[in-house]
Amino acid sequence: MVQLPSPPADRGPRPRHLVPGDQVALVAPSGPVDPARLALGTRILRSWGLRPRPAPHLLDRHPVLGHLAGTDADRAADFQSAWLDPRTAAVFCARGGYGTQRMVELIDWDALRAAPPKILIGFSDATVLHEAVARHLGIPTLYGPMPGAVSFSADPPTAEHLRRTLFEPAGTTVLTSRTAAPLVPGRARGTTAGGCAAVLAAERGTRTARPSFAGTVLLLEDVNEQPYQLDRILTQLLRSGALDGVAGIALGSWAGCGPADRVRAVMLDRLAPLGVPVLWELGFGHSPSTLTVPLGVTVTLDAGTGTLTLDEPALAAPAPAPASASAPARPDGAPPTTG
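Here the structure is a predicted model, which means the values were calculated and not measured. (Residues numbered from 1 in each chain as written. Predicted model: local features only at pLDDT ≥ 70, side-chain atom pairs only at ≥ 80, totals over all residues. Heavy atoms only, no water.)

1. Re the packing of aromatic side chains
Turning to step 1, where the next piece is worked out: A full pass over the atoms with the stated rule returns six aromatic pairs.
Turning to step 2, where the next piece is worked out: Between the aromatic rings of tryptophan 48 and phenylalanine 152, the centroid separation amounts to 5.9 Å while the plane-to-plane angle is 55°, which identifies the pairing as tilted. Of this pair, tryptophan 48 sits in the loop between helix H1 (35–47) and strand E2 (51–54) while phenylalanine 152 sits in helix H6 (residues 150–154), and the two are 104 residues apart along the sequence.
Turning to step 3, where the next piece is worked out: Clustering of aromatic rings is evident, with ring pairs tying together Trp48, Phe152 and Phe167.
Turning to step 4, where the next piece is worked out: Lying across the ring of tryptophan 280, arginine 264 places its NZ or CZ 5.1 Å from the centre. (Phe/Tyr/Trp six-rings, centres within 6.5 Å; stacked < 30°, edge-to-face > 60°. Helix = DSSP H or I, 4+ residues; strand = E, 2+ residues; numbered from the N terminus. Lys NZ or Arg CZ within 6 Å of the ring centre and 35° of its normal.)

2. Some details on the packing of helix H9 (residues 227–239) against helix H10 (residues 260–271)
Turning to step 1, where the next piece is worked out: Packing of H9 against H10 brings their axes to within 9 Å, and their N-to-C directions diverge by 20°. Relative to H10, H9 is oriented roughly parallel. Considering the relative orientation of H9 and H10, their crossing is right-handed. Here Pro227, Leu230, Asp231, Leu234, Thr235 and Leu238 of H9 lie close against H10, whose contacting residues are Arg262, Val263, Val266, Met267, Arg270 and Leu271.
Turning to step 2, where the next piece is worked out: Within the contact of H9 with H10, the residues separate by chemical class into eight nonpolar, one polar and three charged. (Axes fitted to C-alpha atoms, helices over the stretch in contact; angles between N-to-C directions. Parallel < 35°, antiparallel > 145°, perpendicular 65-115°, else oblique. Left-handed = near helix turned anticlockwise from the far one by under 90°. Contact = heavy atoms within 4.5 Å. Nonpolar A, V, L, I, M, F, W, Y, C, P; charged D, E, K, R; others polar.)

3. Description of the environment of threonine 192
Turning to step 1, where the next piece is worked out: Structurally, the position occupied by threonine 192 is in strand E8 (residues 187–196).
Turning to step 2, where the next piece is worked out: Exposure remark for threonine 192: the relative accessible area of 3% places this residue in the buried category.
Turning to step 3, where the next piece is worked out: The sequence separation of threonine 192 and isoleucine 107 amounts to 85 residues, and the corresponding C-alpha distance is 24 Å.
Turning to step 4, where the next piece is worked out: If near-sequence neighbours (up to four positions away) are discounted, threonine 192 is found in contact with Val217, Leu219, Pro294, Leu295, Gly296, Val297, Val299 and Leu308. (Buried < 20%, exposed > 50% of the residue type's maximum accessible area, 1.4 Å probe, protein only.)

4. Concerning the pattern of salt bridges
Turning to step 1, where the next piece is worked out: The full count for this structure, using the stated rule, is 13 salt bridges.
Turning to step 2, where the next piece is worked out: Arginine 75 is paired through a salt bridge with aspartate 72; the nearest N and O atoms lie 3.0 Å apart. Here the residue arginine 75 and the residue aspartate 72 both occupy positions in helix H2 (residues 72–84), the gap between them amounting to three residues, near one helical turn. For the residue pair arginine 75 and aspartate 72, the accessibility class agrees, reading buried in each case.
Turning to step 3, where the next piece is worked out: With a shortest N-O distance of 2.4 Å, aspartate 311 and arginine 189 are connected by a salt bridge. Residue aspartate 311 is found in the segment after strand E14 (307–310), and its partner arginine 189 is found in strand E8; the two are separated by 122 residues along the sequence.
Turning to step 4, where the next piece is worked out: Classification of aspartate 311 by relative accessible area gives partly exposed; the value is 45%.
Turning to step 5, where the next piece is worked out: Here the salt bridges share partners, and the residues they tie into one network are Asp72, Arg75 and Arg102. (Salt bridge = Lys/Arg side-chain N within 4 Å of Asp/Glu carboxyl O.)

Below is the structure:
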């Protein structure tokens, strides 16, 4: 087993888990949102007892570049305002697509660092935000389904696993799937990081990219990238030094990426020489049914058993409510009077 050094001293506190009645923000940092699909996801959030609050530009579309949900400045402002709102307990990315790289450096991360921690939920293009939160704030985030994406409303187990992670995180500390299997056997311990492989490769060389994923259990998944394109993505990560010192790798889904045996062959060819455990198809990412996986938490990866086990829940218990003041006892020992 690869032992991970103690977590860095500057790691921030865990966000608290959700409770019914919490307000949650909906933002669109990437591509334009389908209002009908979002309405289905919002209905599910309300059924959990949450109060979804749409960001002002949630349903915008860029006036020239139709692949973006509004302007870069508006998307960044929505995210920042949602994070700084003291009434908001979590920030949901409504969907992925592309665009987060264009707005991430417009966010005032010093201001976000001064605010209480919140839960960030999203996957795919939201990988950029997960990495930025990890580097700037040092708090756990959730790589999971988004209310404006298909799997959230179309697959009840997907939504239920996210709900349990948000409300009952102690019950989702062991992650596995029916498809999980060892690609390279072994056990490793590290801090989870990663996300969409193409986005991670695109981040290399930018001001927001970490130097490497040393000491991490790296999560990788993608969609609609053919085997030769996955080869190029992994080669870029290898050549850039991003995978130097990685403790282990957990692979997710590869929907639309071609025959599974060809994808496996690429993964084995590129990742096995690292000499670390690699778990095949843990069940997160762009698949029709997907798990929510916490990032920024210490875990044990066991490729042989197909499990990823968290040291502790990703989210903390809410602080207890302050005790109400009680009337002082009477000198004669009789119960205090009230009213």
